[in-house]
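# Observations on chain architecture
What follows is each chain in one-letter form.
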2 protein chains.
Amino acid sequence: MAKAPDSKWKTLAAAVKLFRQQGYHGTALNDILAAAGSPRGSLYFHFPGGKEEIGESALTLAGEAVRQGIVRAAEVSDSTEMFLTRVARAMAADLEKSDYQEGCPIATTALETSAQSEVLGEATSAAFRKWEIEISSGLERFGMTRDEADQVATMVLSQLEGALLLARTYRSPEPLQRAEEALKLLARIGQEK
Amino acid sequence: MAKAPDSKWKTLAAAVKLFRQQGYHGTALNDILAAAGSPRGSLYFHFPGGKEEIGESALTLAGEAVRQGIVRAAEVSDSTEMFLTRVARAMAADLEKSDYQEGCPIATTALETSAQSEVLGEATSAAFRKWEIEISSGLERFGMTRDEADQVATMVLSQLEGALLLARTYRSPEPLQRAEEALKLLARIGQEK
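Since we're looking at a predicted model, the values are computed, not measured.

## A look at the relation of the copies chain A and chain B
Aligned on chain B, chain A shows an RMSD of 0.0 Å; the corresponding rotation is 180 degrees and the shift along the axis is 0.0 Å. With respect to symmetry, the two chain copies, as superposed, fit the operation of a two-fold axis. When you check the interface residues of chain A against chain B, 100% turn up at the interface there too, and the contact is symmetric in its surfaces.

Here is the structure:
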């Protein structure tokens with residue numbers, strides 16, 4: 001019984017990494033098996049729904065890791081600005097450390113499949129929504145009203161996602177550095193009160 | 001001689017649309033041929049480099065259309081805010097009119113191929129850079145210094161790209177509506193002078 005969860009976990013971890021680096025359609029089941037070192041049989045045992053089921057589970061797993069990172073960033077920060085800067089720098093660190101291969105673990109699959117797969121569309125949408133909710137909670141914690149925080153959270157996530165996309169494409173940290181300045185402006189919303 | 005450019009054009013237009021809707025890897029050469037109504041022979045005649053060459057040409061074509069849209073938006077606007085709002089609304093209109101199938105024509109392929117293909121990586125990077133340059137020119141026209149405009153242009157493009165991604169994933173215009181508020185803040189940079 002111990003081996004099954006382990007091979008399931010390895011398959012998902014490999015899928016998260018490959019979808020993040022080259023997208024959902026660019027990743028064949030064989031690529032996932034090879035990267036995970038899992039036998040084909042274990043894949044059908046753990047994921048009877050095939051690639052789409054692996055995709056859904058991988059997106060949920062990757063989304064949850066980022067969500068927890070956002071929660072922790074809020075917990076260890078003293079201000080909105082510190083909170084948002086921390087989130088931006090964590091994303092920049094992942095991207096640079098992977099030599100610009102690992103940006104957002106959700107965005108590529110979201111763009112590829114939103115018009116094609118209801119299951120994957122819902123998984124990507126749920127991941128982004130949860131991040132928005134945690135960003136909003138952090139903003140509220142440091143003084144925004146609920147309504148301000150909800151609106152600003154969308155702007156913050158858009159700024160981060162767009163900057164990650166440009167940084168990855170340019171293979172440069174600059175868009176994420178500039179995003180920090182934009183986030184500082186967004187952090188000031190509601191503070192004139 | 002008249003038929004060749006026409007079939008080349010149809011192939012590229014079909015490729016732009018398909019890559020935009022479902023990404024580069026999710027689009028097979030046969031999908032492009034079927035959508036364009038072109039014979040396979042014409043494809044190899046016009047694009048001896050195969051799919052990658054079609055991708056490069058399609059990205060260049062799609063990037064140029066957006067670049068021209070940004071230039072026109074600056075020309076018919078009287079202020080930074082009007083300029084940026086116009087660009088955001090044009091993107092929102094494309095997305096809604098296509099029932100959330102057509103977001104950014106560059107982003108999906110950029111994320112899928114940046115780690116894999118130098119040719120496509122350069123084509124996506126060049127498209128985004130050209131948009132940044134035109135956004136920066138528009139910002140300078142309405143009063144920012146060159147240096148401010150260059151920096152803010154990156155923040156503006158990140159905001160727009162991230163909002164397009166979220167709007168497409170959520171199938172909702174809200175992220176782009178909220179992006180307009182963020183763009184208004186960015187438009188005020190440098191105006192306290």
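There is more to say after this.
## Some thoughts on the packing of helix α8 (residues 146–170) of chain A against helix α8 (residues 146–170) of chain B
Relative orientation of the contacting elements α8 of chain A and α8 of chain B amounts to 105 degrees, with a least axis distance of 6 Å. With respect to α8 of chain B, the element α8 of chain A is oriented roughly perpendicular. Listed contacts from α8 of chain B to T154, L157, S158, Q159, L160, E161, G162, A163, L165 and L166 of chain A of α8 of chain A are T154, L157, S158, Q159, L160, E161, G162, A163, L165 and L166 of chain B. Residue composition of the contact of α8 of chain A with α8 of chain B, by class: ten nonpolar, eight polar and two charged.

## Section: the nonpolar core
V156 of chain A together with V156 of chain B are the most contacted members of the largest nonpolar core, which totals 116 residues. Discounting residues that sit within four places of it in the chain, V156 of chain A has contacts with L84, I135, L183 and L186 of chain A.

## As for the interface of chain A and chain B
Taken residue by residue, the interface counts 41 residues in chain A and 41 residues in chain B. For the side of chain A that touches chain B, the secondary structure elements donating two or more residues are α1 (3–22), α6 (107–113), α7 (118–141), α8 and α9 (174–187) of chain A. No other element matches α8 of chain A, which puts 15 residues into the side of chain A that touches chain B.

## Some words on the packing of α9 of chain A against helix α9 (residues 174–187) of chain B
At their nearest, the axes of α9 of chain A and α9 of chain B sit 10 Å apart, and the two run at 105 degrees to each other. Considering their axes alone, α9 of chain A and α9 of chain B lie roughly perpendicular with respect to each other. Contacts between α9 of chain A and α9 of chain B involve A182, L185 and L186 of chain A on the former and, on the latter, A182, L185 and L186 of chain B. Looking at the contact of α9 of chain A with α9 of chain B residue by residue, the classes come out as six nonpolar, no polar and no charged.

About the criteria used
Residues numbered from 1 in each chain as written. Chains lettered and ligands numbered in written order. Predicted model: local features only at pLDDT ≥ 70, side-chain atom pairs only at ≥ 80, totals over all residues. Least-squares fit on C-alpha atoms with pLDDT ≥ 70 in both. Contact = placed C-beta atoms within 7 Å. Axes fitted to C-alpha atoms, helices over the stretch in contact; angles between N-to-C directions. Helix = DSSP H or I, 4+ residues; strand = E, 2+ residues; numbered from the N terminus. Parallel < 35°, antiparallel > 145°, perpendicular 65-115°, else oblique. Nonpolar A, V, L, I, M, F, W, Y, C, P; charged D, E, K, R; others polar. Core = buried A, V, L, I, M, F, W, Y, C linked by C-beta atoms within 7 Å. Buried ≥ 20, exposed ≤ 12 C-beta atoms within 10 Å, placed from the backbone.

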